[in-house]
Every structure is written in C-alpha cells, then in structure tokens.
Amino acid sequence: MTTHPTPADRDATDALRTFRDRFVLPEGVIYLDGNSLGALPVATAGRVADLVNAEWGLSLIRSWNAHDWIGAPQRVGSKIARLIGAQSGEVVVADSTSVNLYKLIMSALQAQPGRRTVLSEPGNFPTDLYMVESAIASSGGQHRLSLVPRDQLLSAIDDDTALVLLTHVHYKTADVWDMGAVTAAAQERGAMVLWDLSHSAGAIPVDLNGCHADLAVGCGYKFLNGGPGAPAFLYVASRHQSRLQTPLGGWMGHKRPFDFVDGYEAAPGIARFLCGTPPMLSLIGLEVGVDLMLEADREAVATKSRALAALFMAEVSARCTRFGVELVGPPPGAPRGSHVSFRHPEGYAIMQALIARGVIGDFRAPDIMRFGLTPLYLRYADVYEAARVMEDVLAAGAYQAEEFRVRKAVT
Ligand SMILES: *Cc1c(COP(=O)(O)O)cnc(C)c1O
C-alpha cells in the first residue's frame, strides 16, 4: 500500500521552499492574488529606500549616469528577456501594459499596409480590446477589430489580417494559447501576432524566440512582483526593430536625446519604443522582483505551479461542488496558467467572505472567483487550507451576510 504525501510532506521537500522567506507575508493571510498584485519581496523596501536616500537624495541628478538610471529600462528589460525566451536587446521596460499595447498595435498596423483587420477573441482583457479601438481611431478608421471565438480563430486569419492580438494566458479562465502554432499560422498568411504576457511572465514557461514571436507586452506588478503600478515591458523581435515605428516618438526613443534637436529620429533597436523618462522609484522595485524570479529554477516553478493547481482543483471540487461551485477553464491535467477560477452565482459575496477569513483571491464579473497560485511564496498547505476554508464558508452560508454584498470599487 502506498500512502499519499500530505501537503506538509510536500512542503518539506519542495525545491522552492526557501523562497517564501524572501517575501513579506502577513500572519493569518493565505495570499491567492499574486496574479493581480504580486507580494512584496523583502529586499524591495531597502532597495527603494536606498534609491530615494542615497541616489536621489545625495547623488541627485548625477544618478542618471552614476547609478545608471538612464540604462534601467534596457537593463531590467534584458533580465525579463531571460524569463520569456528573448534576447537581451529585444525587451525594454516602459509605460503601462495599456500604453505598450497601443504603441505596438499602431506599429504593426503601419508596417502592414493594405491589411485592415485586427483579430482577437471576445472576452479578451478589456484594455487590450479598448487599445485596439483607440489605435483604429488614431489611424483614421481604416482598420477594424474582428472578435472571433477561440476555436475558430486560426481559420479566420487571412490576407486582410494585419495583426492577431491575444492574451497568452486568459485572465479569467487560465486557458493557454499554443503560442508556436498561432504564430506560425498567422505568419504563414502574412499577419503579425502581438502576445499579452501579463499572466504568463513569471508564471509559466514562455519561449518567444523559440516560437518565432513578433511582438509582446506584459505586466510588471503581477507574477513579477514589481509593486503596485510597476512599469510594464514590451518585446519586439530583433528582426522587426528597424522597420517598426512607434506612434509616440518621445525624446527617450530618439537616436540622440541629448542633442536636443527639433526633429524626431528613431533610435536604433529596442530603445525607439521608449517614450518619456523612466519612473525610477517603481522601476527599481520591478528590478528586485525580476532578480528574485531569476534566482528560481524555471522548471521547478512550472512544475510547482501545475502541482498547486492540481491540488487546489481536486480539493475545491471534492469539497465545494455540492454547493454549486464549478471549475472554469482547463480541466485537471490540461495546460493552464498559474491561476484557477471557479464560477458561482454568489461569487462576489463568497470571495468577500473568504477575504474576511484571510484567504485573499479576487472576483471577476459576472461570477468568477479567481485564485492566483504563485509557486515562489505559496505552500501546498496554504492551498489545501484555502479549499477547506471555502468549504466552511459555503457550508455555514457565511457569505450571505449583508456586509459581503456591497460591491467595492476594485473587485
Ligand atoms: C493586468 C492586465 C493588463 C494591465 O494593464 P495596465 O495598463 O497595467 O492596467 C493588461 N492586459 C492583461 C491581459 C492583463 O491581465
């Protein structure tokens, strides 16, 4: 007879177990929302304080050179490149994910004259679709956005498709696109693909170069633990860099910003996709998060992500199906991102009741309870306990309390 290892047994032999101490995690909280705001690395406060007190305070403007603030977007970009299968010089940190989407959508439309369609899927992350609308409005309305369901998307790519815009790991369901297959199908028909890696970078293996990817963007404050509102990143394959133009030609993307000339001339390479001055206070927090992620073995992160998801899906299904809780997205064993979502008509109130018990996930309208499973700082025992608390909340009807029904601004 074999005995199954308990969650505690698995924590004791977890290859990533030492990483938990590198994060600030409050007592009594099981944090299952690292896919929305990653936890605070222990090193961040000191590094930010040092940047404020020593660099800004004492070195003042000299810091741009002396502490290489000016090189930070490329330096941190090159570190992120190692997490997503890109080369140094193909990734830069800048702006927000929304703004980077706009920049790269416009770049791609300009580079594909005669092609009028941007393809995406219904239910893609809102800002991604809104940014396409903005790009279409900016380009004089000659383009159109076509939303095609996932199972028909590949066959909808044709000679009119300029760009396919997809979120690699779906923010609600954790469904994963086959990046290589979609990229090959699009390129075969002359279209480009822009991948949103917001729920992929730092969460699951990504191999942009291996998939011959064209363009990508991603978020700094989710699985990369960069801090609230940390800057985002963008990737442009080196083969495209000289032929793509940014629609926002700011001085930081100029060939010689400190010549202060009147006319814009794009910098060679990835720097042309910068716009304004880098936000050093938040950029330095992102660097701490990325450095920490780079210390972890990527295969171990992927393996533990799958194992945590399998444990959580099994426990929640066994304990909570009878209360009407239903798994959303890939079934156990299928490829998935590093979050797990369940549907319930009272999802908002249940999530509020869970948060009141210290189990923090989030809610995505209309009925999705979403739980981020971050391998660096979660234990198997946490995930097991979270499922147990969920059963408790449902069995006792605790979520029916009036206080859990009031919708807050951020869900
Ligand atoms: C979180 C997220 C964003 C965030 O965009 P911001 O500009 O940082 O607000 C964009 N796209 C996807 C798919 C996301 O999950």
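As a reminder, the structure under discussion sits directly above these lines.
Treat the numbers as computed from the prediction; the structure is a model and nothing was measured.

J.: Before we go on, may I ask you to explain the environment of Gly358 in this structure?
T.: Relative to the elements of secondary structure, Gly358 occurs in the loop between helix H11 (347-356) and strand E13 (359-360). Note on Gly358: relative accessible area 8%, which makes it buried. Setting aside its immediate chain neighbours within four residues, Gly358 contacts Gly28, Val29 and Ile30.

J.: Explain the packing of helix H4 (residues 72-83) against helix H9 (residues 280-295) here, please?
T.: Helices that pack against each other are described as a pair by the angle of their axes relative to one another and the distance between those axes. One can describe the packing of H4 onto H9 by two numbers: an axis separation of 10 Å at closest approach and a directional angle of 25°. In terms of axis orientation, H4 runs roughly parallel to H9. As H4 packs across H9, the resulting crossing turns out to be left-handed. Across the interface between the two elements, Ala72, Pro73, Arg75, Val76, Lys79, Ile80, Arg82 and Leu83 from H4 touch Met280, Leu283, Ile284, Leu286, Glu287, Val290, Asp291, Met293 and Leu294 from H9. Among the residues forming the contact of H4 with H9, the class breakdown is twelve nonpolar, no polar and five charged.

J.: Help me out: how do you make sense of the site of the ligand in this one?
T.: Around the ligand lies a shell formed by Ser96, Thr97, Ser98, Phe125, Thr127, Asp128, Thr167, Asp196, Ser198, His199, Tyr221 and Lys222. Between the ligand and Ser98, the relevant distance is 2.6 Å, taken from an oxygen atom to a side-chain nitrogen or oxygen of the residue. Between the ligand and the protein, one listed contact pairs a nitrogen atom with a side-chain N or O atom of Asp196 at 2.8 Å. Burial of the ligand by the surrounding chains reaches 86%, relative to a free accessible area of 390 Å².

J.: Teacher, can you tell me more about the sheet that holds strand E11 (residues 326-328) here?
T.: The strands making up a sheet are joined through hydrogen bonds of the backbone, oriented either antiparallel or parallel. An order of E11-E12-E15-E14 is seen for the four strands of this open sheet, with the pairing classed as antiparallel. At either end of the open sheet lies a strand with only one pairing partner, and these are E11 and strand E14 (362-364). Within this sheet the neighbouring strands show an average axis-to-axis angle of 35°, counted without direction. Direction of pairing for E14 relative to strand E15 (residues 368-372): antiparallel, over a ladder of three bridges.

J.: Any chance you could explain the nonpolar core here in plain terms?
T.: Most often, soluble globular proteins have nonpolar side chains that are buried together. Ile80, Ile84, Trp195 and Leu208 are the most contacted members of the largest nonpolar core, which has 54 residues in total. Secondary structure elements with two or more residues in this core: H4, strand E4 (91-94), strand E7 (161-167), helix H8 (179-188), strand E8 (192-196), strand E10 (232-236), H9 and helix H10 (298-320). In terms of residues, this core owes the most to one element, H9, which gives eight residues. Inspection of this core shows a minimum of three residues originating in each of domain 1 (7-31 + 297-404) and domain 2 (46-295). Ranked by size, the runner-up nonpolar core spans 33 residues in total, among them Phe342, Ala349, Leu373 and Val383.

Procedures and definitions
Counting of residues starts from 1 at the beginning of each chain's written sequence and follows it residue by residue. Restriction of local features to residues with pLDDT of at least 70 applies here, the model being predicted, together with a cutoff of 80 or more for giving and counting side-chain atom pairs; totals for whole chains, interfaces and linings are based on all residues. The side-chain quantities take in all heavy atoms of the structure and omit both hydrogens and water. Here a strand is any run of E in DSSP of at least two residues, a helix any run of H or I of at least four, and the numbering for each starts at the N terminus. Think of it in three bands: with a 1.4 Å probe and only protein chains considered, a residue is buried below 20% of the maximum accessible area for its type, exposed above 50%, and partly exposed in between. Working rule for contacts: check all heavy atoms of both residues, and any pair within 4.5 Å makes them a contact. As a rule, the C-alpha atoms of each element are fitted with a line to give its axis, helices using only the stretch in contact, and angles between N-to-C directions run from 0 to 180 degrees. Here the angle decides the label: under 35 degrees means roughly parallel, over 145 means roughly antiparallel, 65 to 115 means roughly perpendicular, and every other value means oblique. Note: crossing handedness is left-handed where the near helix turns anticlockwise from the far helix by less than a right angle, and right-handed where it turns clockwise. By the convention adopted, Pro, Cys, Tyr, Trp, Phe, Met, Ile, Leu, Val and Ala count as nonpolar, Lys, Arg, Asp and Glu as charged, and the other residues, Gly among them, as polar. Note on definitions. A residue lies near a molecule or strand when any single heavy atom of the residue is within 4 Å of it. Two N or O atoms count as a polar contact when they lie within 3.5 Å, although within protein this holds only if one can serve as hydrogen donor and the other as acceptor, and sequence-adjacent residues are included solely when both atoms are side-chain atoms. Methods summary: accessible areas were calculated by the Shrake-Rupley approach with a probe of 1.4 Å, and residue burial reflects only the protein chains presented. For two strands to be treated as a pair, DSSP must find no fewer than two bridges joining them. The criterion is simple. A nonpolar core is a set of buried Ala, Val, Leu, Ile, Met, Phe, Trp, Tyr and Cys residues joined through side-chain atoms within 4.5 Å. Here the limits of each domain have been adopted from an automatic or database domain assignment.

Coordinates in, geometry out; function isn't part of it.
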